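# A look at the structure
Chain by chain, the residues:
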Amino acid sequence: MEFRDYLRVLRDSWLLILVLVVAGGLAGGIIGLVQPKQYQATAKAYVSVQSAQTLSDLTSGVTFAQQAARGYADIAQTSYVLQPVIDSLDLRTTPSGLSRRVTLAVADDSPVITVTVTDAFATRAAKTANAVVSQLSTAAVALTPESGTTTETNAVKLTAVDPAVVDRSPIGLRPTVAVLIGAVLGLVLAVLAGLLRELFDTRIRTRQDLDRVTDTPVLGTTFRDPQVARTPLVVDASGVSPSAEAYRSLRTNLLFLELDDSRRSLVLTSSIEGEGKSTTAANLALAVASLGVKVLLVDADLRRPRLARYFGLEGSVGLTDVLIGSATLDQAVQRFGQDDLEVLPAGTIPPNPNEQMQSAAMHDLVTRLHTRYDLVVFDSPPLLAVSDAALLSRLAGGVLMVAAAGRVRRPQLEAALETLERGGTSAGGLILTMMP
């Protein structure tokens, strides 16, 4: 993904980001407000050897004190030390429960023991820490042998060097900090969700997505226009809208599409319904005809025809009537506007559209159209629904595949292109429609 892809993910996920940031901030604020307040108090004790006559004794005694400090730290969390503390302070707990609130720490090569107590009350935390140090000092005297002639039997003394004081500042998250952390976590989750959606969402959204599917060139891009539902024909003599200019740009790019001179016709199809192929075919035909080119627009979607309605034409007689011989081509074709554009509606919807597409009458009709018009544009059904477009593409000079941004998925487009290839043809160009 490129940097602009990440920006697009953020833009597309703005609502999710907003919701999760607000939700995270509220959750953090609530947690910060409802969490029980806890206080800590810390006391320090120094372990020393009571007697050292020589420098060697002193050195050995310091080493012994450092080792003893670690041993006393372990003893401090046993009932031997904690039960007397509970009794002296009348605490309503057990040695096991109190040990979970008492933390002992001894730095490397240090005879100092740090006792930290966490409690719901600041005063009781300080009293408990001092009581633990006091009781540990008593235990040190009881557990250490009396002085003898060797260093290993030197008596050890444990002295409180930094008594605990009452600290009324609660530990843990402040509500404002909790709100900030919650909002940041919400932001991170929203961005991750947006990236995961981008990774697992296979919908076509950009030209880069089309490049992942096929090497077929993108001939043009049209835009999502809410007015198209009411007025699908956006190309006219005075049209200067972005949508109209997009079709004119597509018309220009068609010059680079190689068509057989004997078969100057295009089949416009799509992978699935609702990708704007009929609108694209109609406006493309209008744009080409505005140059003075004689164009015929054929509604070859014999299942859901739309072109007669788009152009406001009578659609009861059309392609199928010509194929079965109930009407001539001149009777079925209708002229539209002042340009050289003629439209052949679908006509009567037959029970067997697929058979009509591969009939000899259809082959003969397409051959006649190639000799009569400079360009013939066929609007055909989606490829994944029926095979009509694949059959018609064998008779035409080229195929344009319409892909709607945000609607069609990459596997669907791949399957549609493979359908064309199995039919012996391929798409000459892609048109990305409904872009924001």
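In this report, the structure presented in the accompanying data block is examined. Because the structure is a prediction, the values reported are computed rather than measured.

## A look at the overall build of the protein
- Looking only at helices and strands, one finds 17 helices and 12 strands in the protein.
- For a compact globule of 436 residues, the expected C-alpha radius of gyration is about 22 Å, and the protein comes in at 42 Å, more than 25% above that figure.
- With the C-alpha coordinates aligned to their principal axes, the bounding extent of the protein is approximately 125 × 40 × 40 Å.
- Looking at the protein as a whole, 47% of its 436 residues are labelled buried.
- Sequence separation of 24 or more characterises 77% of the internal contacts of the protein that already satisfy a separation of 6 or more.

## Quick look at the sheet that holds strand β5 (residues 218–223)
- Taking strand neighbours across the sheet as the criterion, the 8 strands line up as β5-β12-β11-β6-β10-β7-β9-β8 in an open arrangement whose pairing is mixed. Each of the sheet's edge strands pairs with one partner strand only, and the pair in question is β5 and β8 (334–336). Strand-to-strand twist of the sheet, defined as the mean angle between neighbouring strand axes without regard to direction, takes the value 25°.
- Sheet topology places strand β7 (residues 295–299) next to strand β9 (residues 341–344); 4 bridges connect them, and they run parallel. Bridge pairing links L297 to V343 in β9.
- Packed on one face of the sheet, helix α15 (residues 360–372) meets β6 (265–270), β7 and β10 (375–379) and runs near 140° to β10.

## Focus on the side chain of S380
- Within the secondary structure layout, S380 lies in the loop between β10 and α16 (388–393).
- In terms of polar contacts, S380 uses its side chain to reach the backbone carbonyl oxygen of L268, at 3.0 Å.
- With residues up to four places along the chain from it excluded, the contact list for S380 reads V267, L268, T269, K277, A300, D301, A389 and L392.

## Considerations on a nonpolar patch on the surface
- Taken together, the side chains of W14, L15, L18, V19, V22 and L26 define a hydrophobic patch exposed on the protein surface, amounting to about 620 Å² of accessible area.
- Tracing the chain through its elements places W14 in helix α2 (residues 14–34).

## Considering the pattern of salt bridges
- Scanning all chains against the criterion turns up 11 salt bridges.
- Linking D379 and K277 is a salt bridge whose minimum nitrogen-to-oxygen distance equals 3.0 Å. Taken as a pair, D379 in strand β10 and K277 in helix α10 (residues 277–289) lie far apart in primary sequence, 102 residues in all.
- What makes D379 buried here is its relative accessible area of 0%.
- Exposure remark for K277: the relative accessible area of 5% places this residue in the buried category.

## Comments concerning the environment of T128
- Checked against the element boundaries, T128 lands in helix α6 (residues 122–143).
- Not counting residues up to four positions away in its chain, the partners in contact with T128 are V85, L89, L91, L98 and V117.

## Points about helix α4 (residues 79–89)
- Regarding α4, the residues found buried are V81, L82, V85 and I86. Buried residues of α4, viewed axially, fall in a sector of 130°; they line one side. Facing away from the buried side of α4 by over 90 degrees, the exposed positions are D87 and S88.
- Once α4 finishes, D90 follows within two positions and takes phi at roughly 55°, a positive value.

## Brief notes about the packing of aromatic side chains
- If you walk through the whole model with that rule in mind, you get 1 aromatic pair.
- Both rings, one in F311 and one in F336, keep their centres 4.7 Å apart while their planes meet at 85°; by these two values the pair is edge-to-face. Taken as a pair, F311 in helix α11 (residues 307–311) and F336 in strand β8 lie far apart in primary sequence, 25 residues in all.
- You can call F336 partly exposed: its relative accessible area is 24%.
- A cation over an aromatic ring shows up here: K294 above the ring of Y373, its NZ or CZ 5.3 Å from the ring centre.

## What about the nonpolar core?
- Counting 46 residues, the largest nonpolar core has L319, M362, L369, F378, L392 and M401 as the members making the most contacts within it.
- Excluding residues that lie within four positions of it along the chain, L319 makes contacts with V298, D299, A300, L302, L344, P345, A346, G347, M357, M362 and L365.
- The next biggest cluster of nonpolar side chains, apart from the first, holds 34 residues, and it includes L233, L254, Y310 and I431.

## Thoughts on the sheet that holds strand β3 (residues 112–119)
- Strands sit in the order β2-β3-β1-β4 across an open sheet of 4 strands; the sheet is antiparallel. Whereas interior strands pair on both sides, the edge strands pair on one side only; in this sheet they are β2 (102–106) and β4 (156–162). Adjacent strand axes in the sheet meet at a mean angle of 25° when their direction is disregarded.
- Here strand β1 (residues 39–49) pairs with β4 via 6 bridges, running antiparallel. Within β4, the position partnered with S48 by the bridge is K157.
- Contacting β1, β3 and β4, α6 crosses the sheet at an angle of about 20° to β1.

## Points about the packing of α2 against helix α7 (residues 175–200)
- Contact pair α2 / α7: the axes reach a minimum separation of 6 Å and the direction vectors enclose 150°. The angle between α2 and α7 falls in the class roughly antiparallel. With respect to the hand of their crossing, α2 and α7 are arranged in right-handed fashion. Side by side, α2 and α7 meet where L16, I17, L20, V21, G24, G25, G28, G29, G32 and L33 of the first sit next to P175, A178, V179, G182, A183, G186, L187, L189, A190 and A193 of the second.
- Looking at side-chain class alone, the contact of α2 with α7 contains 13 nonpolar, 7 polar and no charged residues.

## Quick word on the pairing of β2
- Judged from the 5 bridges that link them, β2 and β3 form a sheet pairing that is antiparallel. Looking at β3, one finds that V106 is bridged to I113.

Rules used throughout
- Residues numbered from 1 in each chain as written.
- Predicted model: local features only at pLDDT ≥ 70, side-chain atom pairs only at ≥ 80, totals over all residues.
- Heavy atoms only, no water.
- Helix = DSSP H or I, 4+ residues; strand = E, 2+ residues; numbered from the N terminus.
- Rg over C-alpha atoms; globule rule 2.2 N^0.38 Å.
- Buried < 20%, exposed > 50% of the residue type's maximum accessible area, 1.4 Å probe, protein only.
- Contact = heavy atoms within 4.5 Å.
- Pairing = 2+ DSSP bridges.
- Axes fitted to C-alpha atoms, helices over the stretch in contact; angles between N-to-C directions.
- Polar contact = N/O pair within 3.5 Å; in protein donor to acceptor, adjacent residues only side chain to side chain.
- Patch = residues over 30% accessible without salt bridge, like charges linked within 9 Å, V, L, I, M, F, W, Y side chains within 5 Å.
- Areas by Shrake-Rupley, 256 points an atom, 1.4 Å probe, with all protein chains shown as cover.
- Salt bridge = Lys/Arg side-chain N within 4 Å of Asp/Glu carboxyl O.
- Arc of directions from axis to C-beta.
- Phe/Tyr/Trp six-rings, centres within 6.5 Å; stacked < 30°, edge-to-face > 60°.
- Lys NZ or Arg CZ within 6 Å of the ring centre and 35° of its normal.
- Core = buried A, V, L, I, M, F, W, Y, C linked by side-chain atoms within 4.5 Å.
- Parallel < 35°, antiparallel > 145°, perpendicular 65-115°, else oblique.
- Left-handed = near helix turned anticlockwise from the far one by under 90°.
- Nonpolar A, V, L, I, M, F, W, Y, C, P; charged D, E, K, R; others polar.

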